[in-house]
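Coordinate inspection notes
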Amino acid sequence: MGGYGIIMAVRRLTVKNIISRVRQTFPQASETYLINLINDALLEAGMYRTKIEYAKTTTVADQMWYDLSDVGSDIDINKVFRVDFMDSAGDYIKVPRLIDNEILKMDVT
Amino acid sequence: MASNHSHPEADIAWFIVGDKLALVTTKGTDSSSVHSKSGDWKGIDEAVTNGILIHYYAEPNALSTTANTRLTAYPDLDNSMHASLIEYVKAKLYIDKAGTSNDPNVASTAMNMSMVHEKKWQDSMVKFGSRRRDKIGGTRVVKTFDLR
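Before going into details, it helps to say that this report is about the structure given with it. Not measured: the values here are computed from a predicted model. (Residues numbered from 1 in each chain as written. Chains lettered and ligands numbered in written order. Predicted model: local features only at pLDDT ≥ 70, side-chain atom pairs only at ≥ 80, totals over all residues. Heavy atoms only, no water.)

1. Some details on the overall build of chain A
Defined as follows: Each helix is a run of DSSP H or I of at least 4 residues and each strand a run of E of at least 2, with the numbering of both proceeding from the N terminus. Exposure categories follow from relative accessible area, calculated using a 1.4 Å probe and restricted to protein chains: below 20% of the type maximum is buried, above 50% is exposed, and the middle band is partly exposed.
Helix and strand counts for chain A stand at two helices and four strands. With 109 residues in all, chain A has 36% of them scored as buried.

So, in structure tokens, the structure goes:
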């Protein structure tokens, strides 16, 4: 008797699987072009919040702004939804998002 | 090294402008200066290694077109959405076919096929994209009820 183990989805498609299925209809399509199209699809899929990640960064004393740019960075951020700050015990504590960001002092450093 | 903020939730906040994250604090002194007055928002006041933990929605990693492992790689998406990638690729290829065909019947059919695949792709992403990767959907019981 099999018991009640967790049934896991094991079906994944490799790039080769995807290309072979596409070539059922478009046998002449080049491999590079198809991979580029898959990359376009992945880029579009990123707009629908399909992947959640975390990253840490170091603060600098009296520096207000931190770069989230995709250029020259290892991380590609679409939307930040939560920020935690390390407290005096070394734990990360959720800090609130400031909705009204028209604050009095605005350091550009 | 930990920070000197014992309650960051009370005196630190963040906001985004464009591609920049601003981290501000109300911590300060009893000075009346806007540069240091307690209660006024200003830049975070100390250097903390790995002091910020950012949670974000990310872009999936792109596939390589040249690496030796390019064909055996898995797309950087939940496996439940892998099949949807085929719909996207076919939609674009049918558009190509419609644009390059000299036969208006072939072009028209290709456009229709493109729309069919485009709709399947949109349905999978827009309607079900977030639901499919939701690992906590449905009823769960982590502890049996106490019926005494």
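2. Thoughts on the side chain of Glu46(B)
This is how it is decided: For the purpose of charge, His is not counted, nor are the chain termini; Lys and Arg are scored as positive and Asp and Glu as negative. By definition here, a salt bridge exists when the distance from a side-chain nitrogen of Lys or Arg to a carboxyl oxygen of Asp or Glu is within 4 Å. Two N or O atoms count as a polar contact when they lie within 3.5 Å, although within protein this holds only if one can serve as hydrogen donor and the other as acceptor, and sequence-adjacent residues are included solely when both atoms are side-chain atoms. In this analysis, two residues are considered to be in contact whenever any of their non-hydrogen atoms come within 4.5 Å of each other.
Its place among the elements puts Glu46(B) in the loop between strand 3 (42-43) and strand 4 (52-58). No salt bridge forms around the buried Glu46(B); measuring N to O, its nearest opposite-charge neighbour Lys27(B) is 4.7 Å away. Within the local environment of Glu46(B), its side chain forms a polar contact with the backbone nitrogen of Asn4(B), the two atoms lying 3.0 Å apart. Discounting chain neighbours no more than four positions away, the residues touching Glu46(B) are Thr59(A), Val60(A), Ala61(A), Asp62(A), Ser3(B), Asn4(B) and His5(B).

3. A word on the packing of aromatic side chains
Note the following rule: Ring pairs are drawn from Phe, Tyr and Trp, using the six-membered ring of Trp, whenever the two centres fall within 6.5 Å, and their geometry is named by plane angle: stacked under 30 degrees, edge-to-face over 60, tilted for the rest.
Under the criterion given, the structure shown has four aromatic pairs over all chains. Ring centres of Phe26(A) and Tyr94(B) lie 4.8 Å apart, and the angle between their planes is 70 degrees; this geometry places the pair in the edge-to-face category. Within this pair, whereas Phe26(A) is found in the loop between helix 1 (15-22) and helix 2 (31-45), its partner Tyr94(B) is found in helix 2 (residues 82-100), the two belonging to separate chains. Judged by its relative accessible area of 11%, Phe26(A) is buried. Aromatic pair Tyr88(B) and Trp121(B): ring centres 5.0 Å apart, planes at 65 degrees, arrangement edge-to-face.

4. Brief notes about the packing of helix 1 of chain A against helix 2 of chain A
Residue and element names in this part refer to chain A. Going by this rule: Fitted lines through C-alpha atoms serve as axes, helices being fitted only where they are in contact, and the angles separating the N-to-C directions of these axes extend from 0 to 180 degrees. Here the word oblique covers every angle except those under 35 degrees (roughly parallel), over 145 (roughly antiparallel) and from 65 to 115 (roughly perpendicular).
Contact geometry of helix 1 with helix 2 gives a least axis separation of 11 Å together with a crossing angle of 110 degrees. Between helix 1 and helix 2, the angle falls in the class roughly perpendicular. When helix 1 is examined against helix 2, the residues Val15, Ile18, Ile19 and Val22 are found in contact with a partner set consisting of Glu31, Leu34, Ile35 and Ile38.

5. As for the pattern of salt bridges
Applying the stated criterion across every chain yields a total of five salt bridges over all chains. As a salt-bridge pair, Arg70(B) and Glu31(A) come within 2.4 Å of each other at their nearest N and O atoms. Taken as a pair, Arg70(B) in the loop between strand 4 and helix 2 and Glu31(A) in helix 2 lie in two separate chains rather than in one. Take Glu31(A): its relative accessible area is 22%, and that puts it in the partly exposed class. Notably, a salt bridge pairs Lys51(A) with Glu53(A), separated by 3.1 Å at the nearest N-O pair. Given the relative accessible area of 26%, Glu53(A) is considered partly exposed. Overlapping salt bridges, with partners in common, bring together Lys51(A), Glu53(A) and Asp76(B) in one network.

6. Some thoughts on the sheet that holds strand 3 (residues 77-86) of chain A
Counted only if it meets this: At least two DSSP bridges between two strands are needed for those strands to be called paired.
An order of 1(A)-4(B)-3(A)-4(A) is seen for the four strands of this open sheet, with the pairing classed as antiparallel. Edge positions in the open sheet fall to strand 1 (52-57) and strand 4 (92-95) of chain A, since each of these has one partner strand only. Put simply, the sheet's adjacent strands are angled 35 degrees from each other on average, direction ignored. The sheet contact formed by strand 3 of chain A and strand 4 of chain B spans seven bridges and is antiparallel. If you follow Val80(A) over to strand 4 of chain B, its bridge partner there is Tyr56(B).

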